[in-house]
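Here are the chains, one letter per residue:
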Amino acid sequence: AQSVTQLDSQVPVFEEAPVELRCNYSSSVSVYLFWYVQYPNQGLQLLLKYLSGSTLVKGINGFEAEFNKSQTSFHLRKPSVHISDTAEYFCAVIQNTGGFKTIFGAGTRLFVKA
Amino acid sequence: KAGVTQTPRYLIKTRGQQVTLSCSPISGHRSVSWYQQTPGQGLQFLFEYFSETQRNKGNFPGRFSGRQFSNSRSEMNVSTLELGDSALYLCASSRRAGGDNSPLHFGNGTRLTVT
């Protein structure tokens, strides 16, 4: 069964600095990978997705992620963060075991400081 | 296009009571999933409905149940509430039919507090 591990529970960073949020997955079959963002008191929004094709995926708000099959990773990056990027970020994979369901990592709280 | 709508936004209930939460998916989406979000356990999958049938179920006790109507709207019910049921309950819809990889579209959730 697929699972997702987010390696950092919290990431503090200064405004305009680059950031990388790490995600590793385990799977023995084809994977579909996603990053979602959750702002306070809201549901989750899709940032980007990897289904197939190019391993570098660009999403909304200047975020991008790279699918690395050999390292089973799907790390999220942004070259320059803003205060408004402060939120919780979730890596997710679709699990295909007798039906399809999305499994989420534990989340990484990104805190952008002025 | 209207997003996923969850009602109510906030609920306060007492232990032992039951509660029903409602979710209206995006128009045209036939799959509705429910998640429980808590600080300690993160996002836990409850169940998924597609065309009025429960297609997937997570590891929750039988006190948690759901259903889906012919218009794809869904409800979840929790009976005999316990303090540990306090959480944000999120509903998500997708175009996902069988075996596809459509992303989830989430509502803003219902925050349930059990006292």
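Above this text sits the structure in question.
The structure displayed is predicted, hence computed values, not measured ones.

With that settled, consider the layout of surface pockets. Its boundaries defined by the atoms lining it, the largest pocket holds a volume of some 590 Å³. Lining of the largest pocket is provided by 32 residues; of these, Gln38(A), Glu88(A), Phe90(A), Arg109(A) and Gln37(B) occupy positions nearest its centre. In the lining of the largest pocket, the residues fall into 12 nonpolar, 15 polar and five charged. The volume enclosed by the second largest pocket comes to roughly 270 Å³.

What follows concerns the pattern of salt bridges. All told, the structure shown has 11 salt bridges over all chains when counted by the stated rule. Between Asp8(A) and Arg22(A) there is a salt bridge, and its shortest N-O distance comes to 2.9 Å. Here Asp8(A), found in the loop between strand S1 (3-6) and strand S2 (10-14), pairs with Arg22(A), found in the loop between strand S3 (19-21) and strand S4 (23-26); they are 14 residues apart in sequence, far enough to count as distant. On the basis of relative accessibility, which here comes to 32%, the residue Arg22(A) falls in the partly exposed class. Across the salt bridge formed by Arg63(B) and Asp85(B), the nearest N and O atoms sit 2.8 Å from each other. Taken together, the positions of Arg63(B) in the loop between strand S6 (53-57) and strand S7 (64-68) and Asp85(B) in the loop between strand S8 (74-78) and strand S9 (87-94) put the pair 22 residues apart, joining distant regions of the chain. By the burial criterion, Arg63(B) is buried, and Asp85(B) matches it. One network of salt bridges, in which partners are shared, links Glu20(A), Glu66(A) and Arg77(A).

Moving on to the state of the cysteines. All names here are of chain A. Taken as a whole and assessed by the stated rule, the structure comprises two disulfides over all chains. Cys23 shares a disulfide with Cys91; S-S distance 2.0 Å. Between Cys23 and Cys91, the disulfide has an S-S torsion of -65 degrees and is therefore left-handed. Of this pair, Cys23 sits in strand S4 while Cys91 sits in strand S10 (residues 87-96), and the two are 68 residues apart along the sequence. As far as the burial class goes, Cys23 and Cys91 line up, both buried.

The subject of this paragraph is the interface of chain B and chain A. Taken together, the contact between chain B and chain A spans 21 residues of the former and 19 residues of the latter. For the chain B and chain A pair, buried surface summed over both sides reaches about 1700 Å², with 54% attributable to carbon and sulfur atoms. Among the residues of chain B in contact with chain A, Leu43(B), Asn101(B) and Pro103(B) are the three that bury the most area, contributing 29% of the side total. Where chain B touches chain A, the interface holds zero salt bridges. Applying the counting criterion to the chain B and chain A interface returns five residue pairs in polar contact (both at pLDDT 80 or more). Every element with two or more residues in the side of chain B that touches chain A is listed here: strand S4 (31-38), strand S5 (42-50), S6 and S9 of chain B. In terms of residue class, the side of chain B that touches chain A is built from eight nonpolar, seven polar and six charged.

All names here are of chain B. The four strands are arranged S1-S3-S8-S7 in an open sheet whose pairing can be described as antiparallel. At either end of the open sheet lies a strand with only one pairing partner, and these are strand S1 (5-7) and S7. Sheet twist, expressed as the average angle between the axes of neighbouring strands with direction ignored, equals 20 degrees. Judged from the three bridges that link them, S1 and strand S3 (residues 19-24) form a sheet pairing that is antiparallel. Across the sheet, Thr7 pairs through a bridge with Ser22, a residue of S3.

Turning next to the environment of Tyr39(A). Residues and elements named next belong to chain A. Position of Tyr39 relative to the elements: it lies in the loop between strand S5 (33-38) and strand S6 (44-50). Taking relative accessible area as the criterion, Tyr39 reaches 17% and is therefore assigned buried. Separated by 16 residues in sequence, Tyr39 and Thr55 place their C-alpha atoms 27 Å apart. The residues contacting Tyr39, other than those within four sequence positions of it, are Gln45, Asn61, Ser84, Thr86 and Ala87.

Here we come to the environment of Pro39(B). Residues and elements named next belong to chain B. Within the secondary structure layout, Pro39 lies in the loop between S4 and S5. A residue is classified by how much of its surface remains accessible, and Pro39, at 89% relative accessible area, is exposed. Placed 18 residues apart in sequence, Pro39 and Leu21 show a C-alpha to C-alpha distance of 20 Å.

The rules behind each value
Residues numbered from 1 in each chain as written. Chains lettered and ligands numbered in written order. Predicted model: local features only at pLDDT ≥ 70, side-chain atom pairs only at ≥ 80, totals over all residues. Heavy atoms only, no water. 1 Å grid on protein atoms, 1.4 Å probe; cavity = no way out; pocket = protein on both sides within 12 Å on 5 of 7 lines; lining within 4 Å. Points joined across faces, edges and corners; volume = space filled by probe spheres on them. Nonpolar A, V, L, I, M, F, W, Y, C, P; charged D, E, K, R; others polar. Salt bridge = Lys/Arg side-chain N within 4 Å of Asp/Glu carboxyl O. Helix = DSSP H or I, 4+ residues; strand = E, 2+ residues; numbered from the N terminus. Buried < 20%, exposed > 50% of the residue type's maximum accessible area, 1.4 Å probe, protein only. Disulfide = S-S within 2.5 Å. Contact = heavy atoms within 4.5 Å. Buried area = accessible area lost by both parts, 1.4 Å probe. Polar contact = N/O pair within 3.5 Å; in protein donor to acceptor, adjacent residues only side chain to side chain. Pairing = 2+ DSSP bridges. Axes fitted to C-alpha atoms, helices over the stretch in contact; angles between N-to-C directions.

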